[in-house]
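Read off the chains here:
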Amino acid sequence: MKIDSIHLYRISMPLETPYAVSRKVFHEITPVVAEVRGSGGELGWGEALITPGYTHESVEGGWDFCKHAASASIGTDPVAALAILRRQVDMHPCAASTLIAALEMLTAHDALRVMETTRIPLLAPCHAKDPEALKDEVNGLIESGFATLKVKAGFDVGKDLARLHTIAETARGRAALRIDANCGFSLDDARRYLDGLRGVPDIELLEQPCGSQDWESNAEVARISPVPVMLDESIYSLADIDRAAALPGIGFIKLKMKKAGGVERLCQALDHIHARGLLPVLGDGVSTEIGCWAEACVWRGRVRHAGEMNGFAKTRARLFEDPLVVEHGSLLMDAGRTPVIDRAVLNAHSVERESYTLARSCQTR
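Residues numbered from 1 in each chain as written. Predicted model: local features only at pLDDT ≥ 70, side-chain atom pairs only at ≥ 80, totals over all residues. Heavy atoms only, no water.

Novice: I'd like a rundown of the side chain of Thr170, residues and numbers included.
Specialist: Relative to the elements of secondary structure, Thr170 occurs in helix H5 (residues 157-171). Its relative accessible area of 15% is what places Thr170 among the buried residues. In this structure the side chain of Thr170 is engaged in a polar contact, spanning 2.7 Å, whose partner is the backbone oxygen of Thr166. When near neighbours in sequence (up to four residues on either side) are disregarded, Thr170 contacts Lys135, Val138 and Asn139. (Helix = DSSP H or I, 4+ residues; strand = E, 2+ residues; numbered from the N terminus. Buried < 20%, exposed > 50% of the residue type's maximum accessible area, 1.4 Å probe, protein only. Polar contact = N/O pair within 3.5 Å; in protein donor to acceptor, adjacent residues only side chain to side chain. Contact = heavy atoms within 4.5 Å.)

Novice: Go over helix H11 (residues 289-299), please, and point to the residues and values.
Specialist: Most of H11 is tucked away: 11 of the 11 residues are buried. What H11 keeps buried is the set Glu289, Ile290, Gly291, Cys292, Trp293, Ala294, Glu295, Ala296, Cys297, Val298 and Trp299.

Novice: Tell me what's going on with the pattern of salt bridges, and back it up with residues and numbers.
Specialist: Applying the stated criterion across every chain, the model contains 28 salt bridges. For Glu220, the salt bridge is made with Arg191, and the minimal N-O distance between the two is 4.0 Å. Of the two residues, Glu220 is situated in helix H7 (residues 215-224) and Arg191 in helix H6 (residues 187-197); the sequence distance between them amounts to 29 residues. Arg191 gets classed as partly exposed once you look at its relative accessible area, which sits at 33%. For Asp195, the salt bridge goes to Arg198, with nearest N and O atoms at 3.7 Å. Residue Asp195 is classed as exposed on the basis of its relative accessible area, which comes to 53%. Exposure remark for Arg198: the relative accessible area of 43% places this residue in the partly exposed category. (Salt bridge = Lys/Arg side-chain N within 4 Å of Asp/Glu carboxyl O.)

Novice: Can you break down the environment of His274 residue by residue, with the values?
Specialist: Along the chain, His274 falls in helix H10 (residues 263-275). Residues His274 and Phe252, 22 residues apart in the sequence, show an inter-C-alpha distance of 9.8 Å. Not counting residues within four places of it along the chain, the set of residues in contact with His274 comprises Pro280 and Arg302.

Novice: For the sheet that holds strand E12 (residues 250-255), give the residues involved together with the corresponding values.
Specialist: The strand order across the open sheet built from 7 strands is E7-E8-E9-E10-E11-E12-E13, with neighbouring strands paired in parallel fashion. Each end of this open sheet is capped by a strand with a single partner; those strands are strand E7 (124-125) and strand E13 (279-282). Here 3 bridges tie strand E11 (residues 229-231) to E12, and the two strands are oriented parallel to one another. Within E12, the residue paired with Val229 across the bridge is Ile250. (Pairing = 2+ DSSP bridges.)

Novice: An account of the nonpolar core is requested, with residue identities and associated values reported.
Specialist: A general tendency of soluble globular proteins is for nonpolar side chains to be buried together. With 91 residues, the main nonpolar core has Leu149, Leu164, Tyr193 and Ile253 as its most contacted residues. By residue number, the principal contributor to this core is H11, which donates 8 residues. The residues contacting Leu149, other than those within four sequence positions of it, are Leu123, Ala124, Cys126, Val138, Leu141, Ile142, Ala171, Ala175, Ala176, Leu177 and Arg178. (Core = buried A, V, L, I, M, F, W, Y, C linked by side-chain atoms within 4.5 Å.)

So this is what it looks like as structure tokens:
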């Protein structure tokens, strides 16, 4: 097989409800999407949202990388193209992952083969701010079957704690709470927050309290925290996992395919987390069905905690002709299912496109 064509898309998928993290409010998901076709008609898809601040990459830099890599890959063996791209993950993690994931789907990576129907428990985010609306939201999510709820923090310690207490009191005994600060706390803020969450029931973990490069502060928070700490933004490589495993109080590591460098490297990283005595959490809350489906495939047999590959459930439109189904709080993965992209939806939400073929022609619109 040779790579016959690569189509790159920049798309905009508006969200049903704005999704607030400590330093940004998402109103849409705007990933780069890669479509790779083989000489025998084989097809693979990949995507990654580049968020400056979450990654060192820029949106334009990532788009340029994908264009140059796509042009260089036309007519080559996909295995050889994968080898080249994997060597560039450290410098361009999200951009390289977009093409790597598409090539891994093209070449039918074992982890993407769904041989039996699987149900993957999903985490559900709590969006509401008003206390009464928040209580209604929590009750509704639990009644819908969600057993793990995400509580965002890192905004204002007092308001964060008040919101946490409302959620905890409403959910008491019925759902686990996963708190995510998204790097939003200083060390002093984190200490104040820890004081306020002591004794709060059902907290599974506290995710990424301080900055991605502030290992010293995250280590101190983990040391004094009454609940396990999970790192996300700090983790890109196996060396980062090793560094985290050496810190008392770090119990979890969260991974996303777009940072790991595709399916194969994601599988390796999950295995490495287990080998270092930690527990993995997997999933991208700002990914469309393309990335969420691939992460769900990898989740099977490697992770037991609720998945965070729920970005697809936040968008107004879906990219799959047969959309992913969430049933009683779980993502349903049907045996033998191969995703098919709804091209009308893809085209309607595309804001830029680049196409590369064996003839080396390139069209832009």
